[in-house]
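So you can see what is in the structure, the chains are spelled out below.
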Amino acid sequence: MSQVQKEIEEQPGALARLLKEGRVEAEAIAERVRAFGPRFVVIAARGSSDNAARYAQYLFGAHNRLPVCLATPSLFTFYEAAPSLAGALVVGVSQSGQSPDIVAVVESGRKQGALTLAITNRPGSPISLAAEHTLPLLAGEERAVAATKTYTAQLCALAMLSAAVEGAPARWRELDRVPGLVEEAIGLNAAVSEKVARYRYAEHFVVVGRGYNYATAFELALKMKETSYLVAEPYSPADLLHGPVAMIDRGFPVLLVAPSGRVLGDLEQLARLLESRSAELIAISDEPRVLGRARAGLPLPAGMPEWVSPMVAVVPGQLWAVALARTRGLDPDQPRGLSKVTETR
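Residues numbered from 1 in each chain as written. Predicted model: local features only at pLDDT ≥ 70, side-chain atom pairs only at ≥ 80, totals over all residues. Heavy atoms only, no water.

Participant: Quick question: what am I supposed to make of the pairing of strand β6 (residues 204–208) here?
Facilitator: A regular strand places its side chains on the two faces of the sheet in alternate fashion. The element β6 is largely enclosed, with a buried count of four among its five residues. Taken together, the five bridges between β6 and strand β7 (residues 231–235) define a ladder with parallel strand orientation. Residue V207 lies in a different strand from β7, and its bridge partner there is P234. Of the crossover connections in this fold, the one passing from β6 over helix α12 (residues 214–228) to the parallel β7 is right-handed. (Buried < 20%, exposed > 50% of the residue type's maximum accessible area, 1.4 Å probe, protein only. Helix = DSSP H or I, 4+ residues; strand = E, 2+ residues; numbered from the N terminus. Pairing = 2+ DSSP bridges. Right-handed = clockwise from strand over helix to strand, strands pointing away.)

Participant: What exactly am I supposed to notice about a nonpolar patch on the surface here?
Facilitator: Taken together, L75, F78 and Y79 make up a surface patch of nonpolar side chains, about 350 Å² in accessible area. By the element assignment, F78 lies in the loop between α5 (73–76) and β3 (88–94). (Patch = residues over 30% accessible without salt bridge, like charges linked within 9 Å, V, L, I, M, F, W, Y side chains within 5 Å. Areas by Shrake-Rupley, 256 points an atom, 1.4 Å probe, with all protein chains shown as cover. Salt bridge = Lys/Arg side-chain N within 4 Å of Asp/Glu carboxyl O.)

Participant: Looking at this structure, I do not really get helix α3 (residues 23–36). What am I missing?
Facilitator: In an α-helix, one full turn covers 3.6 residues, which means residues spaced three or four apart are oriented alike. Between its first and last C-alpha, α3 extends 20 Å over 14 residues, near the 20 Å set by a 1.5 Å rise per residue. Taken together, the buried positions of α3 are A26, I29, A30 and V33. Here the buried residues of α3 occupy an arc of 105 degrees about the axis, which is enough to place them on one side. Residues of α3 that are exposed and point over 90 degrees away from its buried face: V24, E31 and A35. Where the residues of α3 are buried, they touch β3, β4 (115–120), β5 (133–136) and α8 (149–166). Once α3 ends, the next one or two residues include G37, with phi positive near 65 degrees. (Expected span 1.5 Å × (residues − 1). Arc of directions from axis to C-beta. Contact = heavy atoms within 4.5 Å.)

Participant: What is the right way to read the packing of aromatic side chains from this model?
Facilitator: Two aromatic rings, taken as a pair, are described by how far apart their centres are and by the angle between their planes. Here the structure, examined in full by the defined rule, presents five aromatic pairs. Of note, R23 hangs over the ring of W172, and the distance from its end group to the ring centre comes to 4.0 Å. Over the ring of W307 we find R171, and its NZ or CZ is 4.1 Å from the ring centre. (Phe/Tyr/Trp six-rings, centres within 6.5 Å; stacked < 30°, edge-to-face > 60°. Lys NZ or Arg CZ within 6 Å of the ring centre and 35° of its normal.)

Participant: Please clarify how the pairing of β3 should be interpreted in this entry.
Facilitator: Across the seven residues of β3, seven count as buried, placing the element largely inside the fold. Residues of β3 alternate between two faces, with A88, V90, G92 and S94 on one and L89, V91 and V93 on the opposite face, all of them buried. Pairing between strand β1 (residues 40–44) and β3: five bridges, direction parallel. Bridge pairing in β3 links V42 to V90. Where β3 meets β4, six bridges bridge the pair, whose relative direction is parallel. The residue bridging V90 from the neighbouring strand is T116, located in β4.

Participant: Can you help me understand the nonpolar core in this one?
Facilitator: Generally speaking, nonpolar side chains in soluble globular proteins are found buried as a group. One finds Y55, I119, L175, F205, M224, M311 and W320 to be the most contacted residues of the largest nonpolar core, which totals 85 residues. By residue number, the principal contributor to this core is α8, which donates twelve residues. For L175, the contacting residues outside a window of four places in its chain are L19, A159, M160, A163, W307, V308 and M311. Counting 21 residues, the second-largest nonpolar core is a separate cluster that includes V245, V263, L267 and L274. (Core = buried A, V, L, I, M, F, W, Y, C linked by side-chain atoms within 4.5 Å.)

Participant: Hey, could you run me through the side chain of Q318 in this one?
Facilitator: Looking at where Q318 falls in the secondary structure, it is placed in helix α16 (residues 309–327). With relative accessibility at 1%, the residue Q318 sits in the buried group. When sequence neighbours within four positions are dropped, the list of residues in contact with Q318 reads I8, Q11, T148, T152 and L220.

Participant: Just to check I follow, could you spell out empty space enclosed by the protein for this structure?
Facilitator: In this approach a probe as big as a water molecule rolls over the atoms, and the regions it shows empty are the leftover space. One pass over the structure, following the stated rule, counts one cavity of 30 Å³ or more. For the largest cavity, the full set of lining residues is R210, N213, V257, A258, P259, S260, V263, L267 and E306. Tallied by class, the residues present in the lining of the largest cavity amount to five nonpolar, two polar and two charged. (1 Å grid on protein atoms, 1.4 Å probe; cavity = no way out; pocket = protein on both sides within 12 Å on 5 of 7 lines; lining within 4 Å. Points joined across faces, edges and corners; volume = space filled by probe spheres on them. Nonpolar A, V, L, I, M, F, W, Y, C, P; charged D, E, K, R; others polar.)

Participant: Is there a simple way to explain unusual backbone geometry in this structure?
Facilitator: Trans peptide bonds make up the majority, and among non-glycine residues the majority have a negative phi. In the Ramachandran plot, R65 falls in the positive-phi region, its phi being about 55 degrees despite a non-glycine side chain. Relative to the helices and strands, R65 resides in the loop between α4 (48–64) and β2 (68–70). With relative accessibility at 65%, the residue R65 sits in the exposed group. Non-glycine residue E80 carries a positive phi angle of around 45 degrees. Along the chain, E80 falls in the loop between α5 and β3.

Just distances and angles here, no functional claims.
Written as structure tokens, this is what we have:
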């Protein structure tokens, strides 16, 4: 078993640990957030952490009515022109907590009087020292270069903070179901390696998700890029239809992330269009109609609340990316030219 496969399978335990051991800290930070009363949220992140931030845009927007923007770290480093962060909750999300550009955003926020928070797997790292508060991921050491358990832990940490700020016991009960749902998703996709051989020589993928799972589309595109060295472009259905859909014709592989929820009808409509163009549809879904349209179906557990679904829907895609790399004769644990910690300005 590869290291990344091992860490994918560690996710139910890592999430259960975070929910159990991290709740007190999440609720303490939430109390500080409520007292501060931020007008908006700015999140600084890179790579997979940036994709977790995309989830937060929907999460805090829908449940906490807070606008969320993604930081532009180059303004704080190269251009030395930090925008005003007064009245903001500034969140740095980083697995390692070491990238100087992300730290710079948090440091600037704190100097400007913003409320600052680090979400990281390494308490005591530079980002943790820069922020007023730290919410540790408690995921354990992640050795594989491709992030898996730290990514789902980031999603969970953000979801815990949102639920705590809202003060909604029902949302905590839904969060407590997530480790079991992830474990079930792993079991449902045990035969994923049998479905990827058809795509051994594919060089281009489109990955589509909407709403909460817009983030999942970006994360799965990244996973295929870094482990299989192919071009994988993430889109929402709306953005895809505004031009890029022209490139999709017979045999073009499209990975559709379509769990049940408010945007499912839109995704089903896109699936019908893709079918009319004879595209190769790979679907991550709990909806039999969607799975029935797919050349390769990656099933999800039924009955998930839509707002927690990104923590579950990403898992079959992680397994897909690892299996695809293997069938191409590549080592998913050691992507070429990459290291576990990337420090950028």
